[in-house]
Amino acid sequence: MPDFFKSWLYYLSPKRCAICREVLSFREVLCSDCEGKLHQMDKNICKRCGHVKKQCECKNYAYHFRGFTAPFVNEGLAQEGIYGFKFLRNRDAADFFATEIAKRVKDIFPDVEFDVVCAIPMYRLKRSVSGFDHAEILATEVARAMNLPYRRLLKKQKNCRPQHTLTAKERFENVKGVYTARKNAYENVLLIDDIKTTGATLDECARRLMLAGTENVYCAAAVISTCKDKDGKL
Ligand SMILES: [Zn+2]
Ligand SMILES: [Zn+2]
């Protein structure tokens, strides 16, 4: 696109920071303030549950998925960015998080050849009321960034209690029998959600995909919730 046309577009609709919406120059994605404050997830993680090794949760849960990773910790600005995307429908935040997820997946699982990307599905009535399926939007952008096809492989058959109102044990019970998966023969599927807390939803969806024929399911999210040690460090 010619520069004068870019300038004209910029004048009509200036580029804004994906998180705080401050006006930016052409090439920036985040303002320098947000760039410095986002809490990146450590890359030295347990590749199964996605946590730093001393907080590995694989001893507590026998996850069905082969691996998980997220670029950011679910706190501060990253949490605000997810809120802006999910509830204020800020699409720039979706593009930003999807690009970061794609980079992180390539870093953590460099040898895995993914066949497709899919998303944790929303209950269809909820989707038709809201008209905004955030996990699908994120997964579609991840697929685009990784040059992979996006497929709707999962379906949420019924509504269940919101996971954030439940204890860890209840979360695993709450999602049992809620999802179904389309029959398939993929070797490596990348399953996307916005946030991983216990991983109960991702795990149940991974289990359903494997029952439907997928060999390996890898998961990724924009942010991961972690607990802090007594010094407040990760
Ligand atoms: Zn900003
Ligand atoms: Zn682990």
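Residues numbered from 1 in each chain as written. Chains lettered and ligands numbered in written order. Predicted model: local features only at pLDDT ≥ 70, side-chain atom pairs only at ≥ 80, totals over all residues. Heavy atoms only, no water.

Student: Give a description of the coordination of the zinc ion (ligand 2) that names residues and reports values.
Tutor: Here the zinc ion (ligand 2) is held by the protein donor atoms Cys46 (SG), Cys49 (SG), Cys56 (SG) and Cys58 (SG), which lie 2.3 to 2.4 Å from it. Taken together, the 4 donor atoms coordinating the zinc ion (ligand 2) and their angles of 102 to 117° define a geometry best described as tetrahedral. All donor residues of the zinc ion (ligand 2) come from one chain, and their arrangement in sequence is C-x2-C-x6-C-x1-C. Taken together, the residues cysteine 46 in the loop between α2 (32–37) and β1 (67–69) and cysteine 56 in the loop between α2 and β1 connect sequence positions 10 residues apart. Among the residues examined, cysteine 46 registers a relative accessible area of 14% and is labelled buried. Its relative accessible area of 18% is what places cysteine 56 among the buried residues. (Donors = N, O, S within 2.8 Å, 3.2 Å for Na, K, Ca; no water. Tetrahedral: all angles 85-135°; square planar, octahedral: opposite > 155°, others 65-115°. Helix = DSSP H or I, 4+ residues; strand = E, 2+ residues; numbered from the N terminus. Buried < 20%, exposed > 50% of the residue type's maximum accessible area, 1.4 Å probe, protein only.)

Student: For unusual backbone geometry, give the residues involved together with the corresponding values.
Tutor: The phi dihedral of arginine 89 is positive, around 60°, even though this residue is not glycine. Positionally, arginine 89 belongs in the loop between α3 (76–87) and α4 (91–108). Arginine 89 sits in the partly exposed class, given a relative accessible area of 41%. Phi at asparagine 147 takes a positive value of approximately 60°, unusual for a residue other than glycine. A residue is classified by how much of its surface remains accessible, and asparagine 147, at 72% relative accessible area, is exposed.

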